[in-house]
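Structural characterization, general
For reference, the chains in residue letters:
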Amino acid sequence: MIRFALTCEEGHVFDAWFSSGDSYDEQTEAGVIVCPTCGSAEVGKAPMAPAVLRGRGQATAPENESLAMAAGKQTYAFLKGLREHLEANADDVGKNFPEEARKIHYGEKEERNIYGEASSEEAKALHEEGIPALPLPKLPEEHN
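Bringing the sheet that holds strand β3 (residues 43-45) into the picture now. Spatial ordering of the open sheet is given by β2-β1-β3, a layout of 3 strands whose pairing is antiparallel. Two strands lie at the open edges of the sheet, namely β2 (13-18) and β3, each paired on one side alone. This sheet shows a mean twist of 45° between the axes of neighbouring strands, independent of strand direction.

Have a look at this one:
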């Protein structure tokens with residue numbers, strides 16, 4: 001897993017986790033990464049300060065590391081709470097998500113809250129059809 005600091009066109013900064021740099025690139029191209037504050041899909045990597053090695057592998061942290069860690073924890077807590085809310089208040093349709101979302105959108109099935117899985121391509125197609133769907137990143141397991 002890799003964490004990127006991201007920023008949207010409105011200037012909101014947030015963190016997101018990806019399985020690889022390629023995964024980030026694919027999701028960016030598909031337009032499925034959205035700002036959790038304003039919902040903008042115009043998202044890019046924010047400048048990040050690297051750790052600098054001193055002497056025998058001792059790293060010095062950037063000045064704003066504690067702020068970045070606090071923001072990362074807040075983002076994680078928000079996404080975890082959102083996921084818990086969805087699980088409690090929506091139907092898990094698994095890999096049938098794109099099909100179910102279309103049926104609900106076009107009035108073929110009764111309107112209800114759903115969540116499930118969709119590839120980047122499927123999510124992009126839903127977006128292009130005007131079907132409201134919000135991709136959520138997979139969260140790393142908490143180690144406390």
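On to the pairing of β2, then. Pairing between strand β1 (residues 2-8) and β2: 6 bridges, direction antiparallel. Note on β2: the bridge partner recorded for Phe4 is Ala16. A loop of 4 residues connects β1 with β2, the two strands running antiparallel in sequence, and Gly11 in this loop sits at a positive phi of about 90°.

Turning our attention to a negative patch on the surface. Residues Asp22, Asp25, Glu26, Glu29, Glu121 and Glu122 make up a contiguous surface patch of negative charge. Contributions of two or more residues to the negative patch are made by α1 (21-30) and α4 (120-128). With 4 residues, the top contributor of residues to the negative patch is α1. With respect to the element layout, Glu122 can be found in helix α4. The exposure class of Glu122 is partly exposed, given its relative accessible area of 33%.

Rules used throughout
Residues numbered from 1 in each chain as written. Predicted model: local features only at pLDDT ≥ 70, side-chain atom pairs only at ≥ 80, totals over all residues. Heavy atoms only, no water. Pairing = 2+ DSSP bridges. Helix = DSSP H or I, 4+ residues; strand = E, 2+ residues; numbered from the N terminus. Axes fitted to C-alpha atoms, helices over the stretch in contact; angles between N-to-C directions. Patch = residues over 30% accessible without salt bridge, like charges linked within 9 Å, V, L, I, M, F, W, Y side chains within 5 Å. Areas by Shrake-Rupley, 256 points an atom, 1.4 Å probe, with all protein chains shown as cover. Salt bridge = Lys/Arg side-chain N within 4 Å of Asp/Glu carboxyl O. Lys, Arg positive; Asp, Glu negative; His and termini not counted. Charge placed at Lys NZ, Arg CZ, Asp CG, Glu CD. Buried < 20%, exposed > 50% of the residue type's maximum accessible area, 1.4 Å probe, protein only.

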